[in-house]
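Geometric and topological summary
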Amino acid sequence: MDYTLLAEKIFDITGPETNILHAANCMTRLRLQLRHATPEMQAKLQELDGVLGVHRADTELQLILGPGAAQQTAAALKKLLQAHQGIGTEVQGSHAASHEPGKKYVIGDGKKLHGDIKAKNATPFKLLLKRISGIFIPLIPGFIACGLITGLLNLLLKAEPALSDMAWIKMLAIMGNAIFYGMNLFVGFNAAKEFGGSPILGGILAAIITHPALKDIMLGSEQLLPGRGGIIAVLLVTSFGAWLELRLRKIVPAMLDLLLTPLLTILIAGFAALFILQPAGGIIASAIGDSVSIAIHQGGALTGFILGGLWLPIVMLGIHQAMTPIHVQLIQEYGVTLLLPILAMAGCGQIGACLAVYCKTKNKFLKKTILSALPVGIMGIGEPLIYGVTLPLGRPFITACIGGAFGGAVQAAFSIGSSAIGISGLPLTTVTSQPLIYLLGILTSYIAGFALTWLAGFDEPEEQQAPQ
């Protein structure tokens, strides 16, 4: 794929440059905030080779490109936008620019309009999801790398337990555990940044409530516990620390700001953390862990069926990042998260559904779309198949959800846990507590998704030629 060429085609459809207020990307999507977005624009983008789906929310277009492709296309588009800053006629206010060479233009109120759109969408829930994403998405490469090291090492040691005393095996174990050893510090640093504070102060506050020397301190008859409350306590402490820091900067004289603001933030937030916020985080974290454990152990297959069936719509709505801190908290508290193997089955049900569509359809373009999206789907990235295949066809999306529900029931019935996050689908096998049972769940989802989709059928789309 020529990502520069793809970016140029996207620009030709969504431009001129003054119509593109903001370009960004997540792991699988190119997100364009536009001054004007039309259904015709969305349809043209959907036809581009390499675009697996397009989701529109008001004036934001989200192009589903897949992992790697989203990052490279976004980078190419940003370079293209910068290059076009010397082209066009001068515009005032919100009027769009034309493409007359050699003349400068002024973006006018583009930044203000972008800010207005962000403010319009700044509901408390959306802001919370955005901040959770900002905190944990940068950590995902670490989750993936460390998780795979740990998983592969566990498989090796199950086959050859005698290797556990070898120095290089111990080194690999340290590498695999590194993300969780430093998790509170990483989250504290990112959380403070997201909440508007100084990242290093957030990291220090996280270090305070994680420090091993806490176990030597008694408050009355109660002994302090390092790391109590896990990620939940870190989020409470760092959000309070950022809030406090921002207010201190308003009242501390400018000439003393560098000295007093960090000092007062650490002292006040640090004592608040140890006396109030960390105990509160411990209560919340225990409640989350107990709720998940009770739901899965007592609800069994029924709980897994419900969770596995609902996960695809949650991913489609883009609110799945809210589960990340819960996964991390469960791993910190129990060593595994029982939720991730269940939720991962949703993507597996979709694989089965798409295989049925591939076998049944005569549409060459649809077959090509499925073949291009299946590999990343098997690896756990489901959005390309959601927006490119099952959701547009309608019934296959529903049967994919039900297929995932059957696989989720298997995972919950056997209480399969995952010791890492950041991966899904087939790669998750390496970090699950019972790999063979996890694979049985995958196979169940594949078969159920395939069979249900084959029986339910779908409306054959009109033949469409792939762009040259």
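Nothing here was measured: the structure is a model prediction, and the numbers come from that model. (Residues numbered from 1 in each chain as written. Predicted model: local features only at pLDDT ≥ 70, side-chain atom pairs only at ≥ 80, totals over all residues. Heavy atoms only, no water.)

1. Topic: the overall build of the chain
On a plain count of helices and strands, the chain comes out with 17 helices and six strands. A burial count over the chain gives 46% of its 468 residues as buried. A separation of at least 24 residues holds for 69% of the contacts in the chain among residues at least 6 apart in sequence. (Helix = DSSP H or I, 4+ residues; strand = E, 2+ residues; numbered from the N terminus. Buried < 20%, exposed > 50% of the residue type's maximum accessible area, 1.4 Å probe, protein only. Contact = heavy atoms within 4.5 Å.)

2. Considering the nonpolar core
Of all hydrophobic cores here, the largest spans 59 residues; its most connected members are Phe136, Phe143, Met183, Val187 and Val389. Once residues lying within four places of it in the same chain are set aside, the contact partners of Val389 are Cys354, Val357, Leu366, Thr369, Ile370 and Pro384. In this structure, Ile20, Leu32, Leu45 and Leu48 belong to the second largest nonpolar core, which totals 26 residues. (Core = buried A, V, L, I, M, F, W, Y, C linked by side-chain atoms within 4.5 Å.)

3. Side note on the pairing of strand β4 (residues 60-64)
Summarising burial for β4: four of the five residues are buried, a large majority. Here five bridges tie strand β2 (residues 29-34) to β4, and the two strands are oriented antiparallel to one another. Paired with Arg29 across the strands is Ile64, a residue of β4. (Pairing = 2+ DSSP bridges.)

4. Let's talk about the layout of surface pockets
Its volume calculated, the second largest pocket comes out at about 590 Å³. What lines the second largest pocket is a set of 29 residues, among which Gln46, Val51, Leu52, Phe365 and Thr369 lie closest to the centre. Contributing elements (two or more residues each) for the lining of the second largest pocket: α1 (3-14), α14 (364-378) and α15 (383-393). Sort the elements by how many residues they give to the lining of the second largest pocket and α14 lands first, with six residues. (1 Å grid on protein atoms, 1.4 Å probe; cavity = no way out; pocket = protein on both sides within 12 Å on 5 of 7 lines; lining within 4 Å. Points joined across faces, edges and corners; volume = space filled by probe spheres on them.)

5. A short note on empty space enclosed by the protein
Applying the stated rule across the entire model yields one cavity of 30 Å³ or more. The computed volume of the largest cavity comes to approximately 40 Å³. For the largest cavity, the full set of lining residues is Ala192, Ser198, Leu201, Gly202, Leu205, Thr238, Gly241, Ala242, Glu245 and Thr265. The set of elements that each furnish at least two residues to the lining of the largest cavity consists of α9 (199-210) and α10 (230-251). Here the element with the most residues in the lining of the largest cavity is α10; it accounts for four residues. When its residues are assigned to classes, the lining of the largest cavity shows four nonpolar, five polar and one charged. (Nonpolar A, V, L, I, M, F, W, Y, C, P; charged D, E, K, R; others polar.)

6. Observations concerning unusual backbone geometry
Excluding glycine, most residues fall at negative phi; most peptide bonds, likewise, are trans. Phi at Ser415 takes a positive value of approximately 50°, unusual for a residue other than glycine. With respect to the helices and strands, the residue Ser415 is situated in the loop between α16 (395-413) and α17 (435-456). The class of Ser415 is partly exposed, set by a relative accessible area of 25%.

7. Focus: the confidence of the model for the chain
In the predicted model, the chain carries a mean pLDDT of 84, and 89% of its residues have values of at least 70. Predicted confidence is poor over residues 86-114, with pLDDT under 50, and the contacts of this stretch with residues over four places away or in other chains come to 52 contacts. (pLDDT = per-residue confidence, 0-100.)

8. Observations concerning a nonpolar patch on the surface
On the surface, Ile217, Leu219, Met255, Leu256, Leu259, Leu260, Leu263, Leu267, Ile268, Phe271, Phe275 and Ile276 cluster together into a nonpolar patch covering about 1,200 Å² of accessible area. Residue contributions to the nonpolar patch peak at eight residues, all from helix α11 (residues 257-316). With respect to the secondary-structure elements, Leu259 resides in helix α11. (Patch = residues over 30% accessible without salt bridge, like charges linked within 9 Å, V, L, I, M, F, W, Y side chains within 5 Å. Areas by Shrake-Rupley, 256 points an atom, 1.4 Å probe, with all protein chains shown as cover. Salt bridge = Lys/Arg side-chain N within 4 Å of Asp/Glu carboxyl O.)

9. Some words on helix α3 (residues 69-83)
With 15 residues, α3 extends 21 Å between its outermost C-alpha atoms, agreeing within 8% with the 21 Å of an ideal straight helix rising 1.5 Å per residue. Those residues of α3 that fall on the buried side of the exposure criterion are Ala69, Ala70, Thr73, Ala74, Ala76, Leu77, Leu80 and Leu81. Each buried residue of α3 lies within a common arc of 165° when the element is viewed along its axis, so the set occupies one face. Projecting away from the buried face of α3 at angles above 90 degrees are the exposed residues Lys79, Gln82 and Ala83. Packed against the buried residues of α3 are α1, β1 (20-25) and β2. (Expected span 1.5 Å × (residues − 1). Arc of directions from axis to C-beta.)

10. Observations concerning the packing of α11 against α15
Axis separation between α11 and α15 bottoms out at 10 Å; the angle between their running directions is 100°. As far as their axial angle goes, α15 and α11 are roughly perpendicular. Residue-level contacts link Leu312, Val315 and Met316 of α11 to Glu383, Ile386, Tyr387 and Leu391 of α15. Split into classes, the residues belonging to the contact of α11 with α15 amount to six nonpolar, no polar and one charged. (Axes fitted to C-alpha atoms, helices over the stretch in contact; angles between N-to-C directions. Parallel < 35°, antiparallel > 145°, perpendicular 65-115°, else oblique.)

11. Topic: the packing of aromatic side chains
Inspection of every chain in the model, using the stated rule, returns five aromatic pairs. Ring geometry for Phe240 against Trp243: centres 5.9 Å apart, planes inclined by 25°, an arrangement best described as stacked. Pair noted here: Phe240 and Trp243 are both in helix α10, with a separation of three residues, about one helical turn. Positioned above the aromatic ring of Trp454 is the side chain of Lys360, whose terminal nitrogen or guanidinium carbon lies 5.0 Å from the ring centre. Positioned above the aromatic ring of Tyr358, the side-chain terminus of Lys367 is 4.1 Å from the ring centre. (Phe/Tyr/Trp six-rings, centres within 6.5 Å; stacked < 30°, edge-to-face > 60°. Lys NZ or Arg CZ within 6 Å of the ring centre and 35° of its normal.)

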